[in-house]
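Breakdown of the fold
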Amino acid sequence: MTPDDLARTFEQHRPRLRAVAYRMLGNPDDADDALQEAWLRLSRTGDEGIDNLAGWLTTVTGRICLDMLRSRNTRREDPLPSGAPDDVAPEILDDASPDPVREAELADVVGVAMQVVLESLDPAERLAFVLHDLFAVPYEQIAPVLGRSVAASRQLASRGRRRVQSGPGAQHAAGEDAADDAGSRAAAPGKTDRQVVEAFLLASRTGDLAGLLAVLAPDVVLRADQAALAAAAEAADRGAPLLAREVRGAAAVAEAFRGRAGAAVPALIDGSVGFAYAPGGTPLGLFAVVVHDGHIVAVDMMSDPATVAGAHVLLLP
């Protein structure tokens, strides 16, 4: 690429990279500094030999943030603004002339509530959890950033995940260092699919982030059809976050549902437990859910009228 092409490509990735940096550092100014350093490294090396530029940029940004966290010593992260909406970053609130596109992209992934609990993690846990659970970076790419094995990186993310689910300042459980992702999936033994769905809906309505994370598998995936995307875009005009066609990772899916699902009810959809958006008792949107070992591993969001009309839906009391 020419230098101009490289700069344009970097700008295309900036919203995602800034979201990674803000999640890691908790400070918009530090996040911008990390991005500036990432750009300097890219401009010096160019893209020759880089097969996946998006992955390279995410990895480099994560490594820069990790170094910044480790060098902070006694410095505290800047407090988040009191009274700020949970789905808006401080930088957006303070921007006198915000970019609407950047606002939407950042609001979709940057939540103040999540940032608060991330502060309880040490740097390595934080990076492993943020990159894997929030941005779906494979452990094989995270391990070189941390200088750890893939297995150790998996354990760090799992440990961070449990601490996030327990809230800020949670203590490590005995024997936690030996746990891996499978441990987090055993949190709800014996629960029926309906109980899992009901727990998910309750946590969604009340904005209970820890409750959502407790019933979502770490690698959960949310998929939305075109009609659902259009409906989410309309809701975004009223302040709701935009929805991507595919959202991966427990934290990202939890953010997508937190504080919502007000008119959703448990339902049997073609014989399987899920939930439906049914104001007035009429299904307008369907959420087909896959539950495994007491955790939701997949949600398919369907709002196409033909799809909804063609499904056999029984709303559950």
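Our subject is the structure that appears above.
Here the structure is a predicted model, which is why all the values come from computation and not from measurement. (Residues numbered from 1 in each chain as written. Predicted model: local features only at pLDDT ≥ 70, side-chain atom pairs only at ≥ 80, totals over all residues. Heavy atoms only, no water.)

Helix and strand content of the chain: 15 helices and 7 strands. In the chain, which comprises 317 residues, the proportion classed as buried is 48%. When the accessible area of the chain is evaluated, it comes to approximately 14,500 Å², of which 52% is carbon and sulfur surface. (Helix = DSSP H or I, 4+ residues; strand = E, 2+ residues; numbered from the N terminus. Buried < 20%, exposed > 50% of the residue type's maximum accessible area, 1.4 Å probe, protein only. Areas by Shrake-Rupley, 256 points an atom, 1.4 Å probe, with all protein chains shown as cover.)

Let's shift gears to the sheet that holds strand E4 (residues 272-277). Across the sheet, 7 strands lie side by side as E2-E1-E6-E5-E4-E3-E7; this open sheet has mixed pairing. In this open sheet, the two edge strands, each paired with only one partner strand, are strand E2 (246-248) and strand E7 (313-315). Between one strand axis and the next, the sheet turns by 25° as a mean value, whatever way the strands run. Relative to E4, strand E3 (residues 264-269) runs antiparallel, the two sharing 6 bridges. (Pairing = 2+ DSSP bridges. Axes fitted to C-alpha atoms, helices over the stretch in contact; angles between N-to-C directions.)

Before going further, it helps to examine the pairing of strand E5 (residues 285-292). Pairing of E4 with E5, which is carried by 4 bridges, proceeds in the antiparallel orientation. Residue pairing across strands places Tyr277 opposite Gly285, the latter belonging to E5. In this sheet, strand E6 (residues 295-302) lies alongside E5 in antiparallel orientation, the contact comprising 7 bridges. The residue of E6 that forms the bridge with His292 is His295. The turn linking E5 back onto E6 is made up of 2 residues, and Asp293 within it adopts a positive phi angle of 55°.

A separate point is the nonpolar core. Among the nonpolar cores identified, the biggest contains 71 residues, and Phe200, Phe275 and Ile296 are the most heavily contacted of them. If you tally residues by element for this core, the top one is helix H1 (residues 3-25), at 9 residues. Counting 6 residues, the second largest nonpolar core, distinct from the first, contains Ala267, Ile269, Ala276 and Ala311. (Core = buried A, V, L, I, M, F, W, Y, C linked by side-chain atoms within 4.5 Å.)

This part covers the pattern of salt bridges. Scanning the model with the defined rule gives 10 salt bridges in all. Here Glu37 ties to Arg41 by a salt bridge, and the two come within 3.1 Å at their closest N and O atoms. Taken together, the residues span about one helical turn, with Glu37 and Arg41 both in helix H2 (residues 28-45) at a distance of 4 residues. Taking relative accessible area as the criterion, Arg41 reaches 26% and is therefore assigned partly exposed. For Arg159, the salt bridge goes to Glu125, with nearest N and O atoms at 2.6 Å. With Arg159 in helix H9 (residues 150-166) and Glu125 in helix H7 (residues 123-134), the pair connects residues that are 34 residues apart, well separated along the chain. The residues Arg159 and Glu125 share a single accessibility class, namely buried. (Salt bridge = Lys/Arg side-chain N within 4 Å of Asp/Glu carboxyl O.)

Functional significance is not addressed by these values, which are geometric in nature.
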